[in-house]
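Okay, here's what each chain looks like letter by letter:
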Amino acid sequence: MNSFIIRPLGRIAAVRDVPFSLLATRLSIPLTHPWNRMQLSSEQRALLRDTFESAVHFSANAYALKGNHPIRSHIWFLGGWREYIVLKACTPWYVGWIVPDGDGGEICEVSRIPIDGKVRMLLGPDEAIFFAIEVKTGIQIHLDMVGFGRIGKGDKYRDVMLL
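Treat the numbers as computed from the prediction; the structure is a model and nothing was measured. (Residues numbered from 1 in each chain as written. Predicted model: local features only at pLDDT ≥ 70, side-chain atom pairs only at ≥ 80, totals over all residues. Heavy atoms only, no water.)

A. Spatial organisation of the overall build of the protein chain. Counting its secondary structure elements, the protein chain contains two helices and nine strands. Secondary structure of the protein chain in N-to-C order comes out as α-β-α-β-β-β-β-β-β-β-β. Taking all 163 residues of the protein chain together, the buried fraction comes to 45%. Residue pairs in contact within the protein chain that sit at least 24 positions apart in sequence constitute 76% of those at least 6 positions apart. Carbon and sulfur atoms form 58% of the exposed surface of the protein chain, whose accessible area is close to 9,200 Å². (Helix = DSSP H or I, 4+ residues; strand = E, 2+ residues; numbered from the N terminus. Buried < 20%, exposed > 50% of the residue type's maximum accessible area, 1.4 Å probe, protein only. Contact = heavy atoms within 4.5 Å. Areas by Shrake-Rupley, 256 points an atom, 1.4 Å probe, with all protein chains shown as cover.)

B. Molecular detail of the packing of aromatic side chains. In the structure shown here, the tally under the stated rule is one aromatic pair. Ring centres of Tyr-84 and Tyr-157 lie 6.5 Å apart, and the angle between their planes is 85 degrees; this geometry places the pair in the edge-to-face category. Of the two residues, Tyr-84 sits in strand S3 (residues 83-88) while Tyr-157 sits in the segment after strand S9 (144-150), which places them 73 residues apart along the sequence. The pair Tyr-84 / Tyr-157 is uniform in exposure class, with both members buried. Over the ring of Tyr-84 we find Arg-120; its NZ or CZ atom is 5.1 Å from the centre of that ring. (Phe/Tyr/Trp six-rings, centres within 6.5 Å; stacked < 30°, edge-to-face > 60°. Lys NZ or Arg CZ within 6 Å of the ring centre and 35° of its normal.)

C. View of the sheet that holds strand S6 (residues 118-122). An order of S6-S3-S9 is seen for the three strands of this open sheet, with the pairing classed as antiparallel. Two strands bound the open sheet, and with one partner strand each, they are S6 and S9. Adjacent strand axes in the sheet meet at a mean angle of 30 degrees, parallel and antiparallel pairs treated alike. (Pairing = 2+ DSSP bridges. Axes fitted to C-alpha atoms, helices over the stretch in contact; angles between N-to-C directions.)

D. Just the nonpolar core, in detail. With 19 residues, the main nonpolar core has Leu-87, Trp-93, Val-95, Met-121, Phe-130, Leu-143 and Leu-163 as its most contacted residues. Counting only elements with at least two residues in this core, the list comes to S3, strand S4 (93-100), S6 and strand S7 (128-134). Not counting residues within four places of it along the chain, the set of residues in contact with Leu-87 comprises Val-56, Trp-93, Val-95, Gly-117, Lys-118, Val-119, Met-121, Phe-130, Leu-143, Asp-144 and Met-145. In this structure, Met-38, Leu-48, Ile-129 and Ile-133 belong to the second largest nonpolar core, which totals 14 residues. (Core = buried A, V, L, I, M, F, W, Y, C linked by side-chain atoms within 4.5 Å.)

E. Quick peek at the environment of Ser-3. Among the structural elements, Ser-3 can be located in the segment before helix H1 (11-27). On the basis of relative accessible area, Ser-3 is assigned to the partly exposed category, the value being 48%. Considered as a pair, Ser-3 and Leu-48 are 45 residues apart in the sequence and their alpha carbons are 10.0 Å apart. If we ignore the near neighbours within four places in the chain, the residues touching Ser-3 are Thr-137, Gly-138 and Ile-139.

F. Highlighting the side chain of Ser-111. In this fold, Ser-111 is placed in strand S5 (residues 106-111). Within the structure, the side chain of Ser-111 is placed 3.2 Å from the backbone nitrogen of Ile-113, a separation counted as a polar contact. (Polar contact = N/O pair within 3.5 Å; in protein donor to acceptor, adjacent residues only side chain to side chain.)

G. Looking closely at the pairing of S3. Strand direction decides the pairing type here: S3 and S9, joined by six bridges, are antiparallel. Note on S9: the bridge partner recorded for Tyr-84 is Gly-149. Here S3 pairs with S6 via five bridges, running antiparallel. Following the sheet pairing, Ile-85 is matched in S6 by Met-121.

H. Representation of the pattern of salt bridges in the model. Summed over all chains, the structure comprises three salt bridges. Note that Glu-83 is salt-bridged to Arg-150, the shortest N-O span being 2.5 Å. Note that Glu-83 is positioned in strand S3 and Arg-150 in strand S9, a separation of 67 residues in sequence. Between Asp-155 and Arg-120 there is a salt bridge, with its nearest N and O atoms 2.9 Å apart. Within this pair, whereas Asp-155 is found in the segment after S9, its partner Arg-120 is found in strand S6, the two being separated by 35 residues in sequence. We note that Asp-155, like Arg-120, is buried. (Salt bridge = Lys/Arg side-chain N within 4 Å of Asp/Glu carboxyl O.)

As structure tokens, this is what we get:
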């Protein structure tokens, strides 16, 4: 089995997230920021491709805001993405994703925020692959899709963390 070294959030990054988390939860804004995610190398991405049966593949959301809007895309009340899927792994884990970079390549990143249970992940205009890395061992583990929804009134998964 392949193991990935995911650096836990340092104190500065964790403190930096506190004001965002207070606001983000109330407004349904994702908590993933440049300081709390890390990019995987092409070698690490290749290792993930060998175990894609453990990942969740999701089609493009035809209604999602298209184009390179790094902040606006993730804020629904600015016209950004609203649809999401709910993912769950059986042990504390980190969520990762592989999406097209717009130039024929891929972006492969992992959130350094540990998850214990479920997480909501926004769906954009491109196909996405989501995967789980176990916190303790750094090994890719099985990931399940347990639901989907839309941010807004009547959101039944509103209390699940949004990354």
